[in-house]
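Descriptive structure summary
Listed here are the chains, written in short residue letters.
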Amino acid sequence: MAITIVTNMLVMLVMTQLHLTHGQDTTCQDLDSLDIDSWHLHYVYNDSSEATADTFTERFVEQFRDYFPAEETHCSFGPNYGGPSYTYICFLGGGKGPNGGAHGPWDDPEYGFFIPLKYVTETLGWATINRAGLSLMFHINTGCMADDHTIRAFWLVRNG
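Note that this is a predicted model, so its numbers are computed, not measured.

Notes on the packing of aromatic side chains
In this structure the tally under the stated criterion is 22 aromatic pairs. Ring geometry for F77 and F114: centres 5.2 Å apart, planes at 75°, overall edge-to-face. Linking F77 in the loop between α2 (50-63) and β2 (90-95) with F114 in strand β3 (residues 110-116), this pair joins segments that are 37 residues apart in sequence. Overall, the relative accessible area of 0% leaves F114 in the buried class.

Laid out in structure tokens, this is it:
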């Protein structure tokens with residue numbers, strides 16, 4: 001079981017790297033020039049954990065509602081925006097891709113939130129405590145999405 005989980009994680013990392021690296025700006029190789037503009041919190045689910053993911057989404061929004069825009073919880077931009085100018089938490093969406101789960105770099109359905117720097121400690125701490133067995137991925141946004149989703153990402157994987 002543990003070997004299968006590790007193998008799946010490695011395959012996902014390689015696929016993410018291949019998917020996102022294509023066309024990546026060469027300045028991403030200059031680590032001294034990178035700034036952390038914001039964070040994303042992603043969480044993956046499957047058919048047996050979809051209700052848990054939906055509940056996690058609802059609880060997260062409820063917990064941090066004051067940090068969302070007054071009129072909407074969904075982000076007004078796409079999933080690869082990571083700039084510092086947006087000052088609210090927002091729901092990136094996600095869901096199931098055309099293959100029953102896989103879309104973009106994800107092998108399974110996922111949801112995500114955009115997190116401005118000023119809310120990182122509070123939101124990531126809450127998510128870690130309240131993840132209810134979901135696998136979470138936190139990553140910084142530097143403008144270099146391939147590496148932000150792979151070598152600069154932190155995973156809390158589902159037990160079992």
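Some points on the pattern of salt bridges
Here the structure, examined in full by the defined rule, presents 1 salt bridge. Residues R152 and D148 are paired through a salt bridge, measuring 2.9 Å at the closest nitrogen-oxygen approach. For the residue pair R152 and D148, the accessibility class agrees, reading buried in each case.

A few points about unusual backbone geometry
With a phi angle near 55°, A132 is a residue other than glycine that sits in the positive phi range. Judged by its relative accessible area of 59%, A132 falls in the exposed class.

Criteria and cut-off values
- Residues numbered from 1 in each chain as written.
- Predicted model: local features only at pLDDT ≥ 70, side-chain atom pairs only at ≥ 80, totals over all residues.
- Heavy atoms only, no water.
- Phe/Tyr/Trp six-rings, centres within 6.5 Å; stacked < 30°, edge-to-face > 60°.
- Helix = DSSP H or I, 4+ residues; strand = E, 2+ residues; numbered from the N terminus.
- Buried < 20%, exposed > 50% of the residue type's maximum accessible area, 1.4 Å probe, protein only.
- Salt bridge = Lys/Arg side-chain N within 4 Å of Asp/Glu carboxyl O.

It is worth stressing that arrangement in space is one thing and function is another; only the former is reported here.
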